[in-house]
Amino acid sequence: MQTLLTLAWRNLWRKKRRTFITLSSVMFATILAIVLMSMISGMQEQMVDSIVRNTTGYLQIQDVLYHDEPSMDHALEYGDEVKDAVAAFEEEISYTVPRIQGFSLAAKDMGTRGVMVNGIDPKKEDRMNNLSSNITSGQMFDSGDEYAVIAEGLASLLEVEVGDSLVLLGQGFQGMTAVGTYKIGGIIRFFMPEKNNTMVYLPLEQAQYYFAAPDRLTNLIIMTEDEDLVPRLAKNLESQLDPEWYAVKTWEELMPDKLAAFEAREAQVAVFAWVLYIVVGFGIFGTIMTMMFERLREFGILLSIGLKRVKLAAICMIETLAISFLGVLAGVTAGFLIVLRLHFNPVRLADELGEIMIDMGIEPILSFSIAPEIFIYQGMVIFFIALIVGLYPVTRVLRMDMVHSA
Amino acid sequence: MKTVIKTNGLSKTYTNTAVPVEALKDISLEFKEGEFTAIVGPSGSGKTTFLNVIGGLDKPTKGNVIIDDVDIASMKESQMFDFRLKHIGFVFQAYNLIPVLTATENVSFIMLLQKRPKEEMNKRAKEMLEQVGLSDKLDVRPNKLSGGQQQRVAVARALASRPDFVLADEPTANLDTESAFNLLDIMARLNKEENITLIFSTHDQRVIDRARRVITLVDGAVDKDEAFDRD
């Protein structure tokens, strides 16, 4: 075995340029795979994160009927049962965000618009999506304040500004009429037009009073640091809550259309990845085949002086293993450094693509993921491809005609 | 003298060509221990094919090759590898040393495959390199040696494991006159000292003039088989 290792190792360094070319092909294939998959994963993560933070959160506790019929009559009672269930998993839960939401009419002078009234805890919203950073004039309220913050588009449609009053009219809990006049304390801007033209924010207690639903929420958002915990956390919370009254919904259940879009995208990525792997495989195959033809005579010599085919095949395999391993190692290292730089210094997208992302409520940057599994998986796939391709010299050796080769 | 190789009705036809080529036709010969034989003939006469067949590198279409009472023509490839390793030494026209090994390692290589003890291998390799006049090149790789020196290493490698016979395919074809004579002197001396049977294919007159037996092949058949007293 030591002889085979010695021969393989010395062969690798005998023709440094040949080894370098083969090693480079594996290395660049690995870099390409890592950078592309990191970009695709990064954008996916960015979209999920953006959707989760700006809309549903990872999990929501709701009244059991709210999901199918989202009316104020199905607001949940935010009592001890819910609070105890959340407290039972405080290690896995980073924080909770209470919301009470319902449609209403907003009127100012002769103008009336349909709006979404959101009762929120501003500090918790800031933690979730940094809501108050979007304020363009005035300021975000504190919990004890009694004024409203409305979206910039809506303010424009109603021709109101900070300091004006707004009348809200809607339906409250159990058929009560919701009505109130609120001073506008701040204007907030959203990228998504449907939010920018409809959102009205009130302090949570004010909104509960407006909807005649004290101590009630339409949804309690549960946030966690680790997305992978979500399915288990959902099951755990469900186990603590009476299923006759409460439901725990994941973001995937709350937005099935988005999930379907992600799944379709994942299928596209898988096809793209395989095309990439085939291209990469042929690239490596080209270099290994050239190397093989250069060495046919040398292999013939070794066979004719008595080296068994199996041992010669083992030498080829060791060389392939070594080149593939070193190539993948170099590729993963270089790929990691490139991705790391792009992760912390993301490319900002301008023009149409950037605008599309803004419209989707996503920051217009090209985000790169540094999830370890990308480097491990891509490294392993390229290593595996290189090994498969590396079987070519092995099979050639096993059936080569030594008389005509030597 | 003991018969080392015996061929009976040896024929070889290549069929993977547009027209089948009869490279060897019904060759029956015997080679005795310690012989120094030259297989001569024009290009395409079947010299290399004959060496390949008796060396077990190629199989005959008909006939058999008896070495050490065994018909190697009927052996499986894996058996043939072992047999070649133990019984036959090769010297090729293009030296065919392993480029990544030093002179000593090249000479030891066959003994290494034979799993000989390391001390014995090293001692024998040094001894053989001394015999071919390369005691100062023990740790030198082939690319630092001249053609003549490389061929001397190849001879040392072929003889080091003390095979029953050595097959040399045009060993002087790539050498200048001085190197060729030098190599032939060494081979003739080793043939006597080690009593190793040497069979050359050649059309180099310098080799033919040293051979004690000259077999002439024409169109794959034995045309002449002559013995000479060179002492």
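Residues numbered from 1 in each chain as written. Chains lettered and ligands numbered in written order. Predicted model: local features only at pLDDT ≥ 70, side-chain atom pairs only at ≥ 80, totals over all residues. Heavy atoms only, no water.

### Quick word on the environment of glutamine 208 of chain A
All names here are of chain A.
- Positionally, glutamine 208 belongs in helix α7 (residues 204-210).
- Glutamine 208 sits 108 residues away from isoleucine 100 along the chain, and the two C-alpha atoms are 7.0 Å apart.
- Within the structure, glutamine 208 has its side chain in polar contact with the backbone oxygen of arginine 216 (distance 2.8 Å). (Helix = DSSP H or I, 4+ residues; strand = E, 2+ residues; numbered from the N terminus. Polar contact = N/O pair within 3.5 Å; in protein donor to acceptor, adjacent residues only side chain to side chain.)

### Quick look at the interface of chain B and chain A
- Facing the 25 residues of chain B at the interface are 19 residues of chain A.
- Taken over both partners, the interface formed by chain B and chain A buries close to 2100 Å², and the fraction arising from carbon and sulfur atoms is 66%.
- Taken as a group, Phe81, Asn96 and Val100 of chain B account for 26% of the area that chain B buries against chain A, more than any other trio of residues on that side.
- Taken together, chain B and chain A are joined by two salt bridges.
- The partner of aspartate 82 of chain B in a salt bridge is lysine 308 of chain A, and the shortest N-O contact between them spans 3.0 Å. (Contact = heavy atoms within 4.5 Å. Buried area = accessible area lost by both parts, 1.4 Å probe. Salt bridge = Lys/Arg side-chain N within 4 Å of Asp/Glu carboxyl O.)

### Description of the sheet that holds strand β1 (residues 3-14) of chain B
Residue and element names in this part refer to chain B.
- If you trace the four strands from one edge of the open sheet to the other, you get β2-β1-β4-β5, paired in antiparallel fashion. Pairing within the sheet leaves two strands with one partner each, and these edge strands are β2 (21-32) and β5 (70-71).
- When β1 meets strand β4 (residues 62-67), the two strands line up antiparallel, connected through five bridges. Among the inter-strand pairings, isoleucine 5 is bridged to a residue of β4, identified as isoleucine 67.
- Relative to the sheet, helix α1 (residues 47-54) contacts β1, β2 and β4, its axis offset from that of β1 by approximately 120°. (Pairing = 2+ DSSP bridges. Axes fitted to C-alpha atoms, helices over the stretch in contact; angles between N-to-C directions.)

### Digging into the nonpolar core
- Core analysis: the largest hydrophobic core is formed by 79 residues, its most contacted members being Ile61, Ile150, Leu168, Ile188, Tyr201, Ile222 and Leu237 of chain A.
- Take this core: its biggest share by element is six residues, from helix α2 (residues 16-56) of chain A.
- Residue contributions to this core reach at least three from each of two domains, namely domain 1 (2-53 + 258-405) and domain 2 (96-214) of chain A.
- Counting 54 residues, the second-largest nonpolar core is a separate cluster that includes Ala8 and Cys316 of chain A together with Ile72 and Phe165 of chain B. (Core = buried A, V, L, I, M, F, W, Y, C linked by side-chain atoms within 4.5 Å. Buried < 20%, exposed > 50% of the residue type's maximum accessible area, 1.4 Å probe, protein only. Domains from an automatic or database assignment.)

### Here's the deal with the sheet that holds strand β9 (residues 213-218) of chain B
Residues and elements named next belong to chain B.
- Ordered by their spatial adjacency, six strands build an open sheet running β6-β7-β8-β3-β9-β10, and the pairing between neighbours is mixed. Each having just a single partner strand, β6 (88-91) and β10 (221-227) make up the two edges of the open sheet. On average, each strand axis in the sheet is inclined to that of its neighbour by 20°, with strand direction left out of account.
- Of the strands in this sheet, β6 and β7 (165-169) are in contact with helix α5 (residues 147-160), which crosses β6 at around 175°.

### Description of the packing of aromatic side chains
Residues and elements named next belong to chain A.
- Enumeration over the complete set of coordinates arrives at ten aromatic pairs over all chains.
- Between the aromatic rings of phenylalanine 141 and tyrosine 147, the centroid separation amounts to 6.2 Å while the plane-to-plane angle is 70°, which identifies the pairing as edge-to-face. Here phenylalanine 141 and tyrosine 147 have matching classes, each one buried.
- Between phenylalanine 285 and tyrosine 392 the ring centres are 5.2 Å apart and the planes differ by 75°, which places this aromatic pair in the edge-to-face class. Placement of the pair is phenylalanine 285 in helix α10 (residues 256-294) and tyrosine 392 in helix α14 (residues 372-398), with a sequence separation of 107 residues.
- Taken together, the ring pairs connect Tyr182, Tyr210 and Phe211 into an aromatic cluster. (Phe/Tyr/Trp six-rings, centres within 6.5 Å; stacked < 30°, edge-to-face > 60°.)

### Brief notes about the side chain of asparagine 96 of chain B
- As for its placement among the helices and strands, asparagine 96 of chain B is situated in the loop between β6 and α3 (103-113).
- Within the structure, the side chain of asparagine 96 of chain B is placed 2.8 Å from the side chain of arginine 297 of chain A, a separation counted as a polar contact.

### Some thoughts on α3 of chain B
- Most of α3 of chain B is tucked away, with nine of its eleven residues classed as buried.
- Of all the residues in α3 of chain B, the buried ones are Ala103, Thr104, Asn106, Val107, Ser108, Phe109, Ile110, Met111 and Leu113 of chain B.
- Each element contacted by the buried residues of α3 of chain B is listed here: α1 (2-14) and α11 (296-304) of chain A together with α2 (77-87), α4 (118-131) and α5 of chain B.
- Phi turns positive, to about 60°, at lysine 115 of chain B, one or two residues after α3 of chain B.

### Quick notes on the confidence of the model for chain B
All names here are of chain B.
- When pLDDT is averaged along chain B, the result is 88; 99% of the residues meet or exceed 70.
- The lowest-confidence element of chain B is helix α6 (residues 177-193), averaging 83 in pLDDT; the highest-confidence one is β9, averaging 94.
- Both confidence scores are given for the complex: pTM 0.68, ipTM 0.77. (pLDDT = per-residue confidence, 0-100.)

### A look at the pairing of β7 of chain B
Residue and element names in this part refer to chain B.
- Most of β7 sits out of view: five of its five residues are buried.
- Where burial is concerned, the two faces of β7 agree: the one with Phe165, Leu167 and Asp169 and the one with Val166 and Ala168 are both buried.
- Note: β6 against β7, four bridges, orientation parallel. Counted as the bridge partner of isoleucine 88 is phenylalanine 165 from β7.
- Bridge count for β7 against strand β8 (residues 197-201) is five bridges, and the pairing is parallel. By the bridge assignment for β8, valine 166 is matched with leucine 198.
- Viewed along the sheet, the connection from β7 through α6 into β8 turns out right-handed. (Right-handed = clockwise from strand over helix to strand, strands pointing away.)

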